[in-house]
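So you can see what is in the structure, the chains are spelled out below.
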Amino acid sequence: MAEYKWPEPEKRSLIGKRISRVDGPAKVSGKAKYTYDIKRPDMLYGKVLRSPHAHAKIVSIDTSAAEKMPGVKAVKVIQEPGTEIKWAGDEIVAVAAVDEPTAEDAIRAIKVTYEKLPHLVVEEDLSAAGDNAKPAAEQTAGEPEKAFGEAEVIVEGFYGLPVITHCCLESHGSISEWEGDQNLLVHISTQAVSNVANQIGRPLGIPAANVRVKQDHIGGGFGSKFQVDRWDVTAAQLSKMAGGKPVKIMLERDAELMVAGIRPSAYARVKVGAKRDGEIIAWQSESWNTGGSGGGGSPPLPYVFSVPNKHTQHTGIATNTGSARAWRAPNHPQGCLVTMSALEDTAARLEMDPLDFFLKNIELAGRFAEVYREEFAIAADLMEWKKNWHQRGAKTAGPVKRGLGLSLHTWGGGGHGSNCDVIIHPDGSVEVKMGTQDLGTGTRTAIMMVAAETFGLPLEAIKLMIGDNQFPTSGASGGSTTIGGVSASTRRGTLDALEQLFEKVAPSLNVQPADLEAVAGRIRVKSDPRRGLSWKEACMKIGGTAITTRGRNPGPGTLNSSGVGGVQMADVSVDVETGIVRVNKVVAVQDCGLIIDLKTAESQVYGALIMGVCYALYEERIMDARTGRMLNPNMEFYKLAGLGDIGELVVHMMTGKAYDERGVIGLGEPPVISPGAAISNAVANAVGVRVPSLPLTPDRVLAALQYPDREGGSSKNGGNDAGI
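Residues numbered from 1 in each chain as written. Predicted model: local features only at pLDDT ≥ 70, side-chain atom pairs only at ≥ 80, totals over all residues. Heavy atoms only, no water.

1. Looking at the overall build of the protein chain
For step 1, the next point in the chain: Looking only at helices and strands, the protein chain features 18 helices and 30 strands.
For step 2, the next point in the chain: Taken along its principal axes, the extent of the C-alpha atoms in the protein chain is 80 × 75 × 45 Å.
For step 3, the next point in the chain: Taking all 724 residues of the protein chain together, 60% fall into the buried category.
For step 4, the next point in the chain: Within the protein chain, residue pairs in contact and separated by at least 24 positions form 80% of the contacts whose partners lie at least 6 positions apart.
For step 5, the next point in the chain: Accessible area of the protein chain: about 27,800 Å², with a carbon and sulfur share of 50%.
For step 6, the next point in the chain: Of the charged side chains in the protein chain, 78 are positive and 84 negative, and the gap between their average positions amounts to 4 Å. (Helix = DSSP H or I, 4+ residues; strand = E, 2+ residues; numbered from the N terminus. Buried < 20%, exposed > 50% of the residue type's maximum accessible area, 1.4 Å probe, protein only. Contact = heavy atoms within 4.5 Å. Areas by Shrake-Rupley, 256 points an atom, 1.4 Å probe, with all protein chains shown as cover. Lys, Arg positive; Asp, Glu negative; His and termini not counted. Charge placed at Lys NZ, Arg CZ, Asp CG, Glu CD.)

If you want it as structure tokens, here you go:
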């Protein structure tokens with residue numbers, strides 16, 4: 001039996017190297033086809049009429065005018081009269097027509113009468129939530145009341161970050177077409193190719209085996225595209241109503257921002273107790289948030305640091321808004337921002353360097369304490385922290401103030417379930433098949449690297465087929481589980497296939513199969529590398545039937561594990577006259593176990609930092625409390641960072657024996673957790689007051705400078721109502 005482990009560093013020709021993505025040329029040339037690009041013969045275009053009200057009951061629906069319009073092929077009432085609508089943008093009626101303008105005209109011709117009902121769409125003020133507030137259980141550890149009594153420093157503060165929405169470059173949607181009454185072909189923008197058939201088959205009343213799912217490329221998901229949505233089922237229903245013709249429904253940008261998922265908000269009042277030497281001994285927090293009508297879970301407080309004496313209370317607020325979906329490290333950015341802000345405010349009150357403060361308490365970070373210690377040393381060197389850090393609000397000439405901030409984070413990232421078919425043909429060609437998807441993170445490249453590494457072949461010798469549910473099932477790409485799952489199943493499958501090839505080749509070289517190895521396009525004898533066969537010559541020994549194996553995860557051997565730690569530091573400049581924050585530099589030092597492709601790993605972190613700058617400085621969903629509608633469902637006023645807003649990004653990946661031994665661990669989510677906290681802390685260091693809520697827009701910065709002692713502002717030595 002094959003020994004299921006990763007090759008030793010000295011025997012790796014691909015793993016751990018910087019390898020460019022194999023799909024790069026197709027993407028930069030425009031040849032790569034996304035769901036949005038698919039155009040099927042005789043395809044119809046679907047459009048959806050959405051509720052203009054945040055909370056209402058449907059009284060009546062009249063679709064007669066739309067049904068009579070030339071070019072309209074099907075009209076489907078999604079929610080019947082009498083249905084209660086709970087957010088603006090909810091789907092009411094859909095149409096399919098020969099082109100988009102006709103479909104849009106038909107939508108406008110539909111008449112719906114609503115009975116408006118009371119709504120709540122703004123959750124920042126907990127006292128105004130009324131019956132929409134749903135308190136969760138309080139949690140207590142240790143003796144917080146006693147610890148606060150013994151604390152020599154007590155710092156209190158208010159911190160928060162708003163709802164932000166998913167804003168994928170390729171919006172949600174799919175194309176459905178029937179092949180007869182029972183067989184459905186679906187092209188869909190999804191993070192879970194292997195899961196779609198069951199999800200869409202059930203509401204349509206057909207077996208999952210009758211649903212073919214295809215996706216070549218996807219323009220982003222970030223947690224929002226795990227599920228089949230109502231508009232996907234509606235597209236299939238419209239297709240059947242239109243005689244099986246393909247129907248394409250892709251969300252418009254406003255719908256994408258209103259209904260395709262949010263990251264929940266988080267607000268908290270926090271009290272921290274510490275000794276004069278910086279030892280943290282007590283924590284108390286009252287937090288609240290919304291994840292829309294369905295709640296959004298509570299942020300982990302305190303985050304990473306396990307304070308021995310703590311009391312936490314959380315309240316979820318149900319609002320008449322689109323519901324939460326997973327959003328790259330669910331609830332961790334929220335918990336991180338609240339915790340790291342409160343702790344940096346405590347360090348400021350003590351007039352301690354926050355790096356020294358965090359390191360003094362690093363044992364409270366648990367299993368990754370030593371990882372954080374090592375990472376902070378590297379980050380401090382890259383940022384020149386000891387040279388550039390100053391006490392909070394240090395006076396410098398001119399209106400532009402500069403500051404540094406830091407943060408740390410953790411995540412799981414264990415590998416998901418994955419199956420992989422490996423085929424070695426007698427002519428030497430190699431196929432790898434897996435029902436996974438590449439979200440743009442380099443999954444294709446990583447799978448091919450693992451296969452090529454095992455076989456001792458160049459990358460281009462591997463033919464990889466993914467993005468089709470007819471291939472062996474593999475898990476959804478979420479929770480940073482993809483790389484662990486697909487790399488492990490590929491490694492097991494290729495090792496099994498190679499072992500079978502060795503068995504075929506060994507007699508001709510008069511050795512045992514265990515005496516062979518695959519290196520540089522040859523199958524050779526380990527003890528005498530001059531003896532061997534070329535890969536093609538070796539494959540000729542297979543005979544008439546190809547070698548076929550299936551690799552699985554979980555499986556034998558330890559190829560992946562779970563749990564990572566990372567730290568980040570930010571350098572910002574703030575104009576105290578205009579309130580404008582500029583990011584000068586962000587340093588990220590990140591662990592993810594054994595790295596398959598160093599280039600794509602670094603790229604994951606760069607992307608996370610860019611996303612972090614976006615939510616730290618620009619992103620927020622703005623709701624109109626009176627009408628219940630989102631005011632900025634567009635790319636003009638839903639702000640994202642541009643190239644000139646990012647600053648210098650420095651990424652350092654932790655490598656070496658201790659990290660390799662942990663196997664492959666996911667990386668997609670961890671580095672997006674800390675940017676908001678690190679940048680917020682840097683702004684506080686620069687201007688001398690805490691800007692308590694993200695995003696750090698000019699108006700919030702100026703308000704904090706003008707009113708530093710009110711909730712929503714912050715005192716110069718950290719927190720509101722800070723005391724010793």
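Additional details are given in the paragraphs that follow.
2. Quick look at the environment of Gly 414
For step 1, the next point in the chain: Relative to the helices and strands, Gly 414 is located in the loop between strand S19 (400-411) and strand S20 (418-424).
For step 2, the next point in the chain: Along the primary structure Gly 414 and Asp 597 are separated by 183 residues, whereas in three dimensions their C-alpha atoms are 17 Å apart.
For step 3, the next point in the chain: Leaving out residues up to four positions away in the same chain, Gly 414 has contacts with Ser 480, Thr 481, Ser 561 and Ser 562.

3. Describing the side chain of Gln 191
For step 1, the next point in the chain: Turning to its location among the elements, Gln 191 is positioned in the loop between strand S12 (184-188) and helix H5 (196-204).
For step 2, the next point in the chain: Beyond its immediate sequence surroundings of up to four residues, Gln 191 is in contact with Ile 218, Gly 221, Phe 222, Gly 223, Ser 224, Lys 225, Phe 226, Gln 437, Leu 439, Ala 476 and Ser 477.

4. Some words on the domain arrangement of the protein chain
For step 1, the next point in the chain: Each assigned domain of the protein chain is listed with its residue range as follows: domain 1 (9-32 + 415-553), domain 2 (35-118 + 172-250) and domain 3 (262-391 + 402-413 + 561-705).
For step 2, the next point in the chain: The C-alpha-based centres of domain 1 and domain 2 are spaced at 39 Å.
For step 3, the next point in the chain: Each partner contributes residues to the interface: domain 1 has 19 residues there, and domain 2 has 18 residues.
For step 4, the next point in the chain: Of the roughly 1,400 Å² buried where domain 1 meets domain 2, counting both sides, 46% is carbon and sulfur surface.
For step 5, the next point in the chain: Applying the counting rule to domain 1 against domain 2 returns 1 salt bridge.
For step 6, the next point in the chain: Arg 212 is the partner of Asp 468 in a salt bridge, and the nearest nitrogen-oxygen pair spans 2.6 Å.
For step 7, the next point in the chain: Here domain 1 and domain 2 share 10 residue pairs in polar contact (both at pLDDT 80 or more) between them. (Domains from an automatic or database assignment. Buried area = accessible area lost by both parts, 1.4 Å probe. Salt bridge = Lys/Arg side-chain N within 4 Å of Asp/Glu carboxyl O. Polar contact = N/O pair within 3.5 Å; in protein donor to acceptor, adjacent residues only side chain to side chain.)

5. Here we look at the nonpolar core
For step 1, the next point in the chain: Formed by 119 residues in total, the largest nonpolar core has its most connected members in Phe 358, Phe 376, Trp 385, Leu 408, Met 569, Met 653 and Ile 679.
For step 2, the next point in the chain: Looking at which domains feed residues into this core, each of domain 2 (35-118 + 172-250) and domain 3 (262-391 + 402-413 + 561-705) supplies at least three.
For step 3, the next point in the chain: By size, the runner-up hydrophobic cluster in this structure holds 47 residues, among which are Ile 19, Ala 452, Leu 464 and Val 511. (Core = buried A, V, L, I, M, F, W, Y, C linked by side-chain atoms within 4.5 Å.)

6. Here's the deal with the sheet that holds S19
Paired through their backbone hydrogen bonds, the strands of a sheet run either parallel or antiparallel.
For step 1, the next point in the chain: If you trace the 4 strands from one edge of the open sheet to the other, you get S19-S27-S28-S29, paired in mixed fashion. Edge positions in the sheet fall to S19 and strand S29 (648-653), since each of these pairs with one other strand and no more. Direction aside, neighbouring strands of the sheet carry axes that sit 15° apart on average.
For step 2, the next point in the chain: As judged from the 6 bridges shared by strand S28 (residues 581-590) and S29, these two strands associate in the parallel manner. Bridge assignment links Lys 585 to a residue of S29, and that residue is Glu 648. (Pairing = 2+ DSSP bridges. Axes fitted to C-alpha atoms, helices over the stretch in contact; angles between N-to-C directions.)

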